Amino acid sequence: MTSVLYDAQGPRAKRRNVLYTVVFVLACAALVWWVFQSLSDKGQLDWEKWKPFFSGSEAWTTYILPGLKNTLIAAALSMLIALPLGAAFGIARLSDHAWIRIPAAVVVEFFRAIPVLILMIFGTALFAAYSNVSSDDRPLYAVVTGLVLYNASVLAEIVRAGILALPKGQTEAAQAIGLRKTQTMTSVLLPQAVTAMLPAIVSQLVVIVKDTALGGAVLTFPDLLAAVSPMSSYYGANTIASFTIVALLFVAINFSLTSFASWLEQRLRRGKKSTGAVLPPAAVAGAESTGTV
């Protein structure tokens, strides 16, 4: 049996694919066995390495929870600033006025082209030279600054693309009933574009959470990742166990974020569905007289 997209496999091709699958599975199993064997030989799988995380709360209260708190603070501040800033720049890039559109495009393209780690390092230098921020708070300020500048520029492109993806008929219909450009954007285009942009926006928010680890690795920001080194030293070089626990916490945070976004997207889509009910003329006239429509 053939298809327009591909030819059906013959007996030899099926046997060859089965052979490739078996070889691939065996290779993966051998790789997993080698990794576990290497970790076991180095004592990284011993219970003593994992015991601090499952018996007692010292590791959690001393290292993990303070680092998790700083990670969430940096991520939350970056999200709260980057989202409205990115939306503003995205809308500005669609302006009819060149004196608004061109500077917004320059800012977005500039910061979108610079790695976020470089922005964090520049932020540290700027706060050290031109501000009164203390050395203890400087890493947090630098991490948030770098994340906001980079992710706001990316979010601006997401907003701009989401609005441009809407049918032109939406804008034309809004103009036909006398709405101004600002009213068209806020009342017609943005509400429809939010649902379409939500998956991309959430993906960028996940990037924000993960990129806070750059501050812990380079800028001595006491985040979740930075807690691994002192924790591993204190508990006898349990590096693999410490990294595993931290990685699982990052997975839990990002999974919760994406799950909430999926729920919100479904709720928004259900809220926009029409009931399909046809109102009689008397009901419409009554609604107009009471000012509800």
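A brief structural summary.

## Thoughts on a nonpolar patch on the surface
Taken together, Leu31, Val32, Trp33, Trp34, Val35, Phe36 and Leu45 make up a surface patch of nonpolar side chains, about 740 Å² in accessible area. Examined against the element boundaries, phenylalanine 36 turns out to sit in helix α1 (residues 11–41).

## Things to note about the packing of helix α7 (residues 168–176) against helix α8 (residues 181–218)
A packed helix pair is summarised by two numbers, namely the angle formed by the two axes and the spacing between the axes. The interhelical angle for the contact between α7 and α8, taken along N-to-C directions, is 155°, at an axis separation of 10 Å. Considering the angle they form, α7 stands roughly antiparallel to α8. Handedness of the α7/α8 crossing: right-handed. Judged by residue contacts, Gln170, Thr171 and Ala174 of α7 engage Thr184, Val188, Leu189 and Gln192 from α8. Of the residues belonging to the contact of α7 with α8, the class tally is three nonpolar, four polar and no charged.

## A closer look at the nonpolar core
Core analysis: the biggest nonpolar cluster contains 55 residues, and Phe53, Ile64, Met79, Val143, Ile163 and Leu224 have the highest contact counts within it. Elements with a contribution of two residues or more to this core: α2 (47–54), α3 (58–92), α5 (116–130), α6 (138–164), α8, α9 (228–234) and α10 (239–272). Here the element with the most residues in this core is α8; it accounts for 14 residues. Those residues in contact with isoleucine 64, other than ones at most four positions away along the chain, are Phe53, Ala59, Leu224, Met231, Ile245 and Leu249.

## Some remarks on the packing of aromatic side chains
Overall, the coordinates contain seven aromatic pairs when judged by the stated rule. Note on tryptophan 47 and phenylalanine 54: the rings are 6.2 Å apart at their centroids and 25° apart in plane angle, and the pair reads as stacked. No difference in accessibility class separates tryptophan 47 from phenylalanine 54, as the two residues are exposed. Look at phenylalanine 110 and phenylalanine 111: their rings are 5.1 Å apart centre to centre, the planes differ by 80°, and that puts the pair in the edge-to-face class. Taken together, Tyr63, Tyr234 and Tyr235 form an aromatic cluster joined through their ring pairs.

## Some words on the side chain of asparagine 254
Structurally, the position occupied by asparagine 254 is in helix α10. Taking relative accessible area as the criterion, asparagine 254 reaches 11% and is therefore assigned buried. Each residue touching asparagine 254, except ones within four places of it in the same chain, is listed here: Val206, Val209 and Lys210.

## Notes on α1
Between its first and last C-alpha, α1 extends 45 Å over 31 residues, near the 45 Å set by a 1.5 Å rise per residue. At the C-terminal side of α1, glycine 43 shows a positive phi close to 80°.

Analysis parameters
Residues numbered from 1 in each chain as written. Predicted model: local features only at pLDDT ≥ 70, side-chain atom pairs only at ≥ 80, totals over all residues. Heavy atoms only, no water. Patch = residues over 30% accessible without salt bridge, like charges linked within 9 Å, V, L, I, M, F, W, Y side chains within 5 Å. Areas by Shrake-Rupley, 256 points an atom, 1.4 Å probe, with all protein chains shown as cover. Salt bridge = Lys/Arg side-chain N within 4 Å of Asp/Glu carboxyl O. Helix = DSSP H or I, 4+ residues; strand = E, 2+ residues; numbered from the N terminus. Axes fitted to C-alpha atoms, helices over the stretch in contact; angles between N-to-C directions. Parallel < 35°, antiparallel > 145°, perpendicular 65-115°, else oblique. Left-handed = near helix turned anticlockwise from the far one by under 90°. Contact = heavy atoms within 4.5 Å. Nonpolar A, V, L, I, M, F, W, Y, C, P; charged D, E, K, R; others polar. Core = buried A, V, L, I, M, F, W, Y, C linked by side-chain atoms within 4.5 Å. Buried < 20%, exposed > 50% of the residue type's maximum accessible area, 1.4 Å probe, protein only. Phe/Tyr/Trp six-rings, centres within 6.5 Å; stacked < 30°, edge-to-face > 60°. Expected span 1.5 Å × (residues − 1).

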